[in-house]
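# Topology and contacts: notes
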Amino acid sequence: MATSSTQTSTASSMPLVMRIIGFCALAHLINDLIQSVLPAIYPMLKANYDLSFTQIGLITMTFQVTASLLQPWVGLYTDRRPNPNLLPMGTLCTLVGIVMLAFVGSFPMILLASALVGIGSSTFHPETSRIARLASGGRFGLAQSSFQVGGNAGSALGPLLAAAIIIPFGQTHVAWFGLAALFFFGVTLILRSWYSQHLNQFKARKAVQAGHGISRGRVIAALVILGLLVFSKYFYMASFTSYFTFYLIEKFGVSVASSQLHLFLFLGAVAAGTFFGGPIGDRIGRKAVIWFSILGVAPFTLVLPYADLFWTTVLSVIIGFILASAFSAIVVYAQELVPNSVGMIAGIFFGLMFGFGGIGAALLGYVADLRGIEYVYGLCSFLPLFGLLTVLLPSTSKR
């Protein structure tokens, strides 16, 4: 989207710092790699503790809802009182949670460990998204997608590492991921140092944000529509991240290791789609990317429940690539609508991402217990049709 001359001049006075954006992406990779360990070991936890699909969904909901409820408040607080120390402090919660997960012996303790990892996420996402934006030099889509693709790459690597380290040797080997959490803490200390040195620039940028001429009512309506689009995207994504392995095992009889490989292919496609979505949005506009990503994936999701194993693999990769391109565009578009609250907006939309994903995982797990896992994919195939709501979004270009 086009921006005003005021915003452009401010951005140009703050050059692109790819080193910091790279550290943001690296931190996001480690953060989401650690988080993806949890769904990757669901089959093991289900067998070890005799869990139902509903309980599996509750584990996901505990982690994701914990993160979603806190993130907007963290973003709102740091919009008003920036605090570089929050980022490494949240990382310590992630470290404690992942180490706990290696040694817990009951379902309630699994929920507690999941909640601690969620608390770590609640501070990480809005703060690191803000740092990436500050280092963007005005190329907000590039910065947001680079940050986001780090997380998606971590989510894709997590199941592979879990299959290699945890599944063959047992739950206690989750503790090895504590080493990744320590490295994660070191990276966030680097980001904290840079952010502390550039707080004055952040305050100067905030003071001269451009107006877009859109009324408050239309801004609120647009944010609601964006929220509905995030709902459709992440309810559908929850069917893959939490249940795709079970779907493949039940429908096609593949092994657990093979199902993890298919999940890796899907998540790898998600990472690739995320990377291209932001820079394309910088060039052609966020709204066009949102159109393509949400509604454009519908033909493939509608066909997926009727495909054989080969075409299920192909379609899952296509779906992951197209669907993932939307999130960076949605976040930057929302930040253009409310330019003085970039942390709160990042917190809200990352929170919605986790919240809808968690609630979706729990509800879809309940539906799977009642009707079967294959029914879930037939039901979810219609969710991308929510993309039709994109027609109601206003343009943020300043005439």
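Everything numeric in this text was worked out from a predicted model, so none of it was measured.

## Notes on the overall build of the chain
Each helix and strand in the chain was counted, giving 18 helices and 0 strands. What you see for the chain is a C-alpha radius of gyration of 20 Å, in line with the 21 Å of a compact globule of 399 residues. For the chain, the spread of C-alpha atoms along the principal axes amounts to about 60 × 45 × 30 Å. A burial count over the chain gives 58% of its 399 residues as buried. By sequence separation, contacts in the chain at least 24 residues apart represent 86% of the contacts at least 6 residues apart. Total accessible area on the chain stands at roughly 15,000 Å², and carbon and sulfur atoms take up 70% of it. Treating the 21 positive side-chain charges of the chain as one cloud and the 10 negative ones as another, the clouds have centres 18 Å apart.

## Quick notes on the packing of aromatic side chains
Applying the stated criterion across every chain yields a total of 18 aromatic pairs. Where F244 meets Y377, the ring centres are 6.4 Å apart and the plane angle is 50°; that geometry is what we call tilted. Of this pair, F244 sits in helix α11 (residues 244-252) while Y377 sits in helix α18 (residues 373-380), and the two are 133 residues apart along the sequence. For the pair formed by F244 and Y377, the shared burial category is buried. Considering the side-chain rings of F310 and W311, the 5.2 Å spacing of their centres and the 80° angle between planes classify their relative orientation as edge-to-face. Residue classification places F310 among the exposed residues on the basis of a relative accessible area of 54%. Above the face of the F53 ring, K46 is positioned so that its terminal group lies 4.9 Å from the ring centre.

## Side note on the confidence of the model for the chain
Of all residues in the chain, 92% attain a pLDDT of 70 or more, and the chain-wide mean is 83. Predicted confidence in the chain is weakest over helix α1 (residues 5-12), with a mean pLDDT of 42, and strongest over helix α14 (residues 298-303), with 94. Note on residues 1-12: pLDDT under 50 across the span, and 26 contacts to partners over four residues away in sequence or across chains.

## Brief notes about the packing of helix α4 (residues 53-80) against helix α6 (residues 107-134)
Following both chains from N to C, one finds α4 and α6 inclined at 35°, their axes separated by 7 Å at the closest point. In this structure, α4 crosses over α6, and the sense of that crossing is right-handed. In terms of residue class, the contact of α4 with α6 is made up of 13 nonpolar, 12 polar and 3 charged.

## Quick notes on the state of the cysteines
Joining two cysteines, a disulfide is a covalent bond between their sulfur atoms. The final tally for this structure, using the stated rule, is 0 disulfides. The thiol sulfur of C24 is not disulfide-bonded, and the nearest other cysteine sulfur, from C93, lies at 20 Å.

## Re the pattern of salt bridges
This model, assessed by the stated rule, comprises 2 salt bridges. In this structure, E336 and R286 form a salt bridge, with 3.3 Å as the shortest nitrogen-oxygen distance. With E336 in helix α16 (residues 326-337) and R286 in helix α13 (residues 286-295), the pair connects residues that are 50 residues apart, well separated along the chain.

## So, helix α7 (residues 140-165)
In this model, α7 (26 residues) spans 37 Å end to end at C-alpha, consistent with the 38 Å of a helix rising 1.5 Å per residue. With respect to burial, α7 is a largely interior element, 19 of its 26 residues being buried.

## What about the environment of W176?
Among the structural elements, W176 can be located in the loop between α7 and α8 (177-197). As a C-alpha pair, W176 and V99 span 77 residues in sequence and 8.3 Å in three-dimensional space.

## Regarding a nonpolar patch on the surface
A contiguous nonpolar surface patch, about 410 Å² in accessible area, is contributed by L157, L160, L161, L261, L265 and V317. Contributing elements (two or more residues each) for the nonpolar patch: α7 and α12 (256-284). Examining the composition of the nonpolar patch, we find that 3 residues originate from one element, α7, more than from any other. Relative to the elements of secondary structure, L261 occurs in helix α12.

## Overview of the side chain of H262
The residue H262 is located in helix α12 in this model. Given the relative accessible area of 12%, H262 is considered buried. Excluding residues that lie within four positions of it along the chain, H262 makes contacts with F244, L248, L309 and T313.

About the criteria used
Residues numbered from 1 in each chain as written. Predicted model: local features only at pLDDT ≥ 70, side-chain atom pairs only at ≥ 80, totals over all residues. Heavy atoms only, no water. Helix = DSSP H or I, 4+ residues; strand = E, 2+ residues; numbered from the N terminus. Rg over C-alpha atoms; globule rule 2.2 N^0.38 Å. Buried < 20%, exposed > 50% of the residue type's maximum accessible area, 1.4 Å probe, protein only. Contact = heavy atoms within 4.5 Å. Areas by Shrake-Rupley, 256 points an atom, 1.4 Å probe, with all protein chains shown as cover. Lys, Arg positive; Asp, Glu negative; His and termini not counted. Charge placed at Lys NZ, Arg CZ, Asp CG, Glu CD. Phe/Tyr/Trp six-rings, centres within 6.5 Å; stacked < 30°, edge-to-face > 60°. Lys NZ or Arg CZ within 6 Å of the ring centre and 35° of its normal. pLDDT = per-residue confidence, 0-100. Axes fitted to C-alpha atoms, helices over the stretch in contact; angles between N-to-C directions. Left-handed = near helix turned anticlockwise from the far one by under 90°. Nonpolar A, V, L, I, M, F, W, Y, C, P; charged D, E, K, R; others polar. Disulfide = S-S within 2.5 Å. Salt bridge = Lys/Arg side-chain N within 4 Å of Asp/Glu carboxyl O. Expected span 1.5 Å × (residues − 1). Patch = residues over 30% accessible without salt bridge, like charges linked within 9 Å, V, L, I, M, F, W, Y side chains within 5 Å.

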